[in-house]
Amino acid sequence: MKKILSILAISFLVFACMPDEIPPIGEKTDYKPMLAGTWNLVKFEQTDADAESKGFPAFATTKDLTNVFASHPYTDFSITFNADGTFTASKGTSYMQMLTSGNWLLNDLEYPSAIVLKNGSTTQTVSLGSLADVIVGKLQLKEERKQSDTGKVKIKYSYSLTKN
Amino acid sequence: MKKLIILTIIILASVGLKAQNAAPKFTVTPSDIDALTENVTIVFDVTGSAVEGVTDIYIWAWGEGLNPAEMLLCYDEGSPSWGSISKNAKLDPVAGEPNKRILKLPKTVTRAGTTVTFNNVAELFGVGDTPGKIKKFGFLLRSQDGSKQTPGDMATSVTLLPLEFEASYFRTFPAKVSNKDVVTAYLNLNLLESSEDQKLKIAGKIKASISLLTTNGTKILTTELMSTTYTAQGEYAVSFLPEKLGTFPTGTSISNVAKCQLVFSGEVYEQGGTAQLVNTKTFEFEFQQYE
C-alpha cells in the first residue's frame, strides 16, 4: 500500500510539472490589407546620423523639411497602395524622391520591416516604422543614405503619413 | 626687347619653381573622419612635388592650436625638432606605385623605448584623452634631412568632423551631404570673421547665391540671391536640393556636380539712403558619395 501511494505521489508530481500547452494567441496580423489605401505625407524629417551619434543639440541633429521649400511643400505628396499589389504616388509640387508607380510588396509577410517599391528594373526599399500605428491610420517610412566606401549610415530621412 | 626677354625668363622661372613645389595630392579613407575614427588610411601622391624621387619620405604634421603641435610620430621623446625627425614618421611605400606613400592607422611604433599603437588621429597628436582639442591638422612631406619638402602653411591639411557641436560662421546641415540630399547652409553673423567686411554685422535682407561645380572647379550653374530665413539660433539659413537649383546646361546633369560654392549678401544703407550690397567670402564644400 505504501508503495502504491509513493508511485501515485511521484506520478502526480511528474504530470504536475509538465508544461501546459500554450493556447492560441489570436490570428496572425496581415498587414498588407491594413496598408492598402491612400496615405498623405504630414511630416518629412532629415537627420544627420553623425550628429545624432555624438549627441549634438536637436537643431544640429534633425531638420524638419516638410515646408522648407515654401512653393514645393512635401505635404503635397501622397501614395496609394492598392490591394492588387500596385501603387501610385503623387508628388504634387514637392521634390519627393520616390517612384511614382509600379508594384509594392512587403519584404516579409509575417514580420514586415520594409516596403519594396518596384517599377521595371528600378527598386526602392523604404523601411517601416512601428506597425502598431498602422492600425490607427499612421505610417512611418524611413530611408537611409550610406557612405559608399564604409556602408556607414550618414543621413536618415523619416516620412510620417496618415491614411485618408 | 631685352626687358621683354628678362621678364619672360622671370615669369618662366617662377612658373617652373612653382611647378617643382607643388603640394602633394592625398586621399583620406574614410572620406570624412573625426579625431576618434579608427582604421584611417591616407595615401599620398608625390608626383610633381619637391619630394618626387626621394626614396624615404617622411611626414611632418602639426595640429592646429596644440602645444606641442607636432604629431608624435615626428619625434621620439622630449621636444619635436625639425633637424632630427623620428624614423617613425617615415611613410610606407605602396607596391607598384613609386610616387605613392601610405600612412595607415592603427600604427604600432617604438617610441622612447616603448611599443605604442596609435589608433586614431587624436592619439597621433597626443590628445587621445581630450580628442575635442584637435579639429584640423596640416602636414608637409620631406626628406629625412629636411633639405627637400613640400609646401607648409596648411597648403595640405585635413579637417576633422567635430566631436561636439560648436557654433560657427558657416556650416551646412547635414555636415556632410551628397548632391542628392536636401542641403541647408547656415551663416552666423554673430561669429563674423575679422577678415570679412564688418558692414555685414549691420546688413539686412541677407540672401545667398549658390553655384554648383564639377570636380575640376568648373561652374555648371549659379542661382543668385535666394532668400534666407532667420533661425532661433541667430543664423541665416538657406535650403536647397542641388538637382532643383536651376536648369542644368545641355550635356550636364546632377551627376557632374562635385562641389558647391555659396556667397551670402546683405544690404547696408548709406547716409544718403542708398543701399549698398556687401558680400561674404565664398564658402565651398564638396559633396560626398552616398548610396
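Rules of the game
Residues numbered from 1 in each chain as written. Chains lettered and ligands numbered in written order. Predicted model: local features only at pLDDT ≥ 70, side-chain atom pairs only at ≥ 80, totals over all residues. Heavy atoms only, no water. Salt bridge = Lys/Arg side-chain N within 4 Å of Asp/Glu carboxyl O. Helix = DSSP H or I, 4+ residues; strand = E, 2+ residues; numbered from the N terminus. Buried < 20%, exposed > 50% of the residue type's maximum accessible area, 1.4 Å probe, protein only. pLDDT = per-residue confidence, 0-100. Contact = heavy atoms within 4.5 Å. Pairing = 2+ DSSP bridges. Axes fitted to C-alpha atoms, helices over the stretch in contact; angles between N-to-C directions. Buried area = accessible area lost by both parts, 1.4 Å probe. Polar contact = N/O pair within 3.5 Å; in protein donor to acceptor, adjacent residues only side chain to side chain. Core = buried A, V, L, I, M, F, W, Y, C linked by side-chain atoms within 4.5 Å.

Draft legend 1. Inspection of the pattern of salt bridges at higher detail. The full count for this structure, using the stated rule, is 13 salt bridges over all chains. Note that B:Glu235 and B:Arg171 form a salt bridge whose closest N and O atoms lie 2.9 Å from each other. Of the two residues, B:Glu235 sits in the loop between strand E14 (229-230) and strand E15 (236-240) while B:Arg171 sits in strand E10 (residues 170-173), which places them 64 residues apart along the sequence. In this pair, the class of B:Glu235 matches that of B:Arg171, namely buried. Within this structure, A:Asp50, A:Lys152, A:Lys154 and B:Asp32 form a network of salt bridges that share partners.

Draft legend 2. Spotlight on unusual backbone geometry. All names here are of chain B. Residue Pro-106 follows Leu-105 across a cis peptide bond; omega there is 5°. Here Pro-106 shows up in the loop between strand E5 (97-104) and strand E6 (107-111). In this chain, Phe-173 is followed by Pro-174 through a cis amide linkage whose omega measures -10°. Take Pro-174: it is sitting in the loop between E10 and strand E11 (183-187). Despite not being glycine, Asp-153 has its phi angle at roughly 50°, a positive value. Here Asp-153 is to be found in the loop between strand E8 (136-142) and strand E9 (157-159). The phi dihedral of Lys-205 falls on the positive side, at around 50°, and the residue is not glycine.

Draft legend 3. Examining the confidence of the model for chain B more closely. Residues and elements named next belong to chain B. For chain B, per-residue confidence averages 91 on the pLDDT scale, and residues scoring 70 or more make up 93% of the total. Of all secondary-structure elements in chain B, the lowest mean pLDDT belongs to helix H1 (residues 2-20), at 52, while E11 reaches the highest, 98. Contacts from residues 12-19, a stretch scored under 50 in pLDDT, to residues over four places away or in other chains number one contact.

Draft legend 4. Looking closely at the environment of B:Ile33. Residue and element names in this part refer to chain B. Following the sequence through the fold, Ile-33 ends up in the loop between strand E1 (25-29) and strand E2 (41-45). Separated by 88 residues in the primary sequence, Ile-33 and Val-121 place their C-alpha atoms 9.0 Å from one another. Here Ile-33 is in contact with Val-28, Val-40, Val-121, Val-158, Thr-159, Leu-160 and Leu-161, once residues within four sequence places are set aside.

Draft legend 5. The sheet that holds E8(B), seen in detail. All names here are of chain B. Strand order in the open sheet made by the three strands is E3-E8-E9, with antiparallel pairing throughout. If you trace the sheet from one side to the other, it starts and ends with strand E3 (58-63) and E9, each paired once. When strand polarity is set aside, the average angle formed by the axes of neighbouring strands in this sheet is 20°. Across three bridges, the pairing between E8 and E9 is antiparallel. Pairing of Lys-136 across the sheet is with Thr-159, part of E9.

Draft legend 6. The arrangement of the interface of chain A and chain B in detail. Each partner contributes residues to the interface: chain A has 28 residues there, and chain B has 30 residues. Across the chain A to chain B interface the summed buried area is about 2,400 Å²; carbon plus sulfur atoms make up 58%. Taken together, the connections running from chain A to chain B amount to three salt bridges. Note that B:Asp32 and A:Lys154 form a salt bridge whose closest N and O atoms lie 3.1 Å from each other. The interface formed by chain A and chain B includes 14 residue pairs in polar contact (both at pLDDT 80 or more). Those elements that place two or more of their residues in the side of chain A that touches chain B are strand E1 (37-48), strand E2 (62-64), strand E8 (138-146) and strand E9 (153-163) of chain A.

Draft legend 7. Local environment of the nonpolar core. In this structure, A:Ile79, A:Ile115, B:Leu262 and B:Phe264 are the most contacted members of the largest nonpolar core, which totals 66 residues. Contact partners of A:Ile115, with chain neighbours within four places excluded, come to A:Leu35, A:Phe81, A:Trp104, A:Leu105, A:Leu106, A:Gln124, A:Thr125, A:Val126, A:Leu128 and A:Leu141.

Draft legend 8. Quick peek at the pairing of E8(B). All names here are of chain B. For E8, a buried count of six out of seven residues is recorded, marking the element as mostly surrounded by other parts of the structure. One ladder, built from six bridges, connects E3 with E8; its direction is antiparallel. Paired with Ala-61 across the bridge in E8 is Phe-139.

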